[in-house]
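Given next are the chains, with one letter for each unit.
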Amino acid sequence: MNYDVVIVGAGHAGAQAAISLRQQKFEGSIAIIGDEPEFPYERPPLSKEYFAGEKPFERIMIRPEIFWQERDVVMLLSTRIVSVNPQNRTVRTNSGSEIGYSNLIWAAGASPRKLSLPGFTLEGIHYLRNRSDVDPMIENMDAVQDIIVVGGGYIGLEAAAVLRKIGKKVTVLEALDRVLARVAGEPLSRFYESEHRSQGVKILLGQNILEAFGEDKHVTGVRLLDGHEEPAQMVIVGIGVEPAVQPLIDAGAEGSNGVYVDEYCRTSLVDTYAIGDCAAHSNAYAGNEEIRLESVQNANDQAKTAASAICGNPLPYDAVPWFWSNQYDLKLQTVGLFAKHDDFVIRGEMSARSFSVVYMREGRVTALDCVNSVRDCVQGKALIESRKIVSRDQLKSASALKDLLK
Ligand code: FAD
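All figures in this text were calculated on a predicted structure; none of them were measured in a lab.

### A few points about the domain arrangement of the chain
As far as domains go, the chain holds domain 1 (2–111 + 241–310), domain 2 (114–237) and domain 3 (329–405). Facing the 17 residues of domain 1 at the interface are 17 residues of domain 2. A per-residue breakdown of the area domain 1 buries against domain 2 is headed by S47, Y50 and F51, which together make up 42% of the total. Our count for the domain 1 to domain 2 interface comes out at four salt bridges. Between domain 1 and domain 2 we count ten residue pairs in polar contact (both at pLDDT 80 or more) in total. Of the residues contributing to the side of domain 1 that touches domain 2, the split by class is eight nonpolar, two polar and seven charged.

### Regarding the sheet that holds strand 8 (residues 125–127)
A sheet is described by the order of its strands in space; here five strands give the open sequence 8-15-9-10-11, paired in parallel fashion. If you trace the sheet from one side to the other, it starts and ends with strand 8 and strand 11 (202–204), each paired once. Within this sheet the neighbouring strands show an average axis-to-axis angle of 20°, counted without direction. Alignment of strand 10 (residues 169–173) against strand 11, held across three bridges, turns out to be parallel. In the strand pairing of strand 11, V172 is matched with I203. Strand contacts of helix 3 (residues 131–140): strand 8 and strand 15 (234–237), with the helix running at about 140° to strand 8, the strand carrying the most contacts. Here helix 4 (residues 154–165) sits on the sheet in contact with strand 9 (146–150), strand 10 and strand 15, set at roughly 165° to strand 10.

### Brief notes about the site of the ligand
Taken together, 31 residues are adjacent to the ligand, and D35, E36, K48, R129 and D277 come closest. Between the ligand and the protein, one listed contact pairs an oxygen atom with a side-chain N or O atom of R43 at 2.8 Å. S295 places a main-chain nitrogen or oxygen 2.9 Å from an oxygen atom of the ligand. Isolated, the ligand exposes 990 Å² of accessible area, and the fraction of that covered by the protein chains is 97%. Here the shell around the ligand spans two domains, since at least three of its residues come from each of domain 1 (2–111 + 241–310) and domain 2 (114–237).

Reading the values: the criteria
- Residue numbers restart at each chain and count upward from 1, following the sequence in its written direction.
- Per-residue local features of the predicted model are confined to residues with pLDDT of at least 70, and side-chain atom pairs are confined, for both listing and counting, to 80 or more; whole-chain, interface and lining totals are unaffected and use all residues.
- In computing side-chain values, all of the structure's heavy atoms are included and hydrogens and water are not.
- These domain limits were set by an automatic method or by a database of domain assignments.
- Whether two residues are in contact is decided by their heavy atoms, any of which lying within 4.5 Å being enough.
- Computed with a 1.4 Å rolling probe, the buried area is the accessible surface lost when two parts are put together, summed over both parts.
- A side-chain nitrogen of Lys or Arg and a carboxyl oxygen of Asp or Glu constitute a salt bridge if their distance falls within 4 Å.
- N or O atoms closer than or at 3.5 Å make up a polar contact, with two conditions inside protein: a donor-capable atom paired with an acceptor-capable one, and, for residues adjacent in sequence, both atoms drawn from side chains.
- In this count, Pro and Cys sit with the nonpolar residues alongside Ala, Val, Leu, Ile, Met, Phe, Trp and Tyr, while Asp, Glu, Lys and Arg are called charged and the others, Gly among them, polar.
- Any two strands between which DSSP finds at least two bridges are classified as paired.
- We count a stretch as a helix when DSSP gives it H or I for four or more residues in a row; a strand needs E for two or more, and each element gets its number in order from the N terminus.
- Each axis is a line fitted through C-alpha atoms, taken for helices only over the stretch in contact, and angles between the N-to-C directions span 0 to 180 degrees.
- By convention in this text, a residue qualifies as near a molecule or strand provided that one of its non-hydrogen atoms is within 4 Å of it.
- The method behind every accessible area is Shrake-Rupley, applied with a 1.4 Å probe, and residues are considered shielded solely by the protein chains displayed.

Put into structure tokens, the structure is as follows:
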């Protein structure tokens, strides 16, 4: 088996890479190798509409099955790549087959960070990354009433919102002193804490877990370091992810927290690209710091970058990061990167549940968190790209952010 392009990972980035190659008239052979049994599907609904039962699986597939056949993209599913041989240009599958490539695109995403505390192997403890993580939770939902979510990041909070909607008692345990601490500024954290509390979610901040305990191998609760106990028949752990890069690192690719890539998504191995959650890249919107982004935007845009490079039309990756999160009736859109801001202003009224937190650094807008405020998000993105110097007063008083671009 030999292909002009082998893509490892049938997720957002892998699927988009094949789509972009064909859109750019790439005529060579393409194979996507993925360890899940499903054709590529969207991951965000797993903690939103799919988890809530509002969207069936067919509606979250990235493309219908027939699409891949029509585009002559070979799908090797339920197949895991365990090693890469860059000298021979082959990858080895878990069943021992060797597959040859001219170009390799590593799009293996990430896997949930595991909580290695006593009791966290009991039944009823779940992680949330794949369809196969979510389906068992949905199946067992009727049998549980008290659910603990460990980790107050986006995924944990989205899951909490869905669970409240279906009437479960939900407790969020967060180790830091605010939710969303890694991804947003304090005003947004406090807003979401208050929203969740008003919806009946119990949020415990600054909490360290001692252990999970149970009966008959099944979890019945979690004990905190201070001795406090919370009951739970289901625990969902959402404490971040680890990039899935080991086979590539073992093959000699440079990297540690992710595989390092240049602006064309090239790794240090010849004709080998890495894209999506697993790719560590120098990002202009992070002050050229080496970062990994865990978002659909990054997966799709890096896929397009790698495809362009393979098609002989290299275009450097330079997209403004963006992300979204749906909780209750709140639609959050984040654009840019908030880290390293030295100032912020709030546009609109938080109490009206439609506002934006605008982050600045040295007088320029670097990021916005827009809650039910699509217009600010779209226009704020242009403001970030423009790198224009603006004042706090202008940002607060402008009726439309686009006025500041003039
Ligand atoms: P993935 O989509 O994870 O795809 C990687 C694939 O590779 C997986 O199928 C994996 O099983 C497979 N794989 C791994 N190792 C191997 C191997 N050795 N051999 C073969 N296959 C392998 N982003 C947003 O922008 N907005 C959101 O609202 C949002 N919500 C999210 C909600 C949830 C519950 C989750 C889990 C993620 C969410 N994200 C969201 C993040 C977004 O889904 C990811 O950033 C995106 O999926 C990354 O795409 P990827 O292709 O890099 O990785």
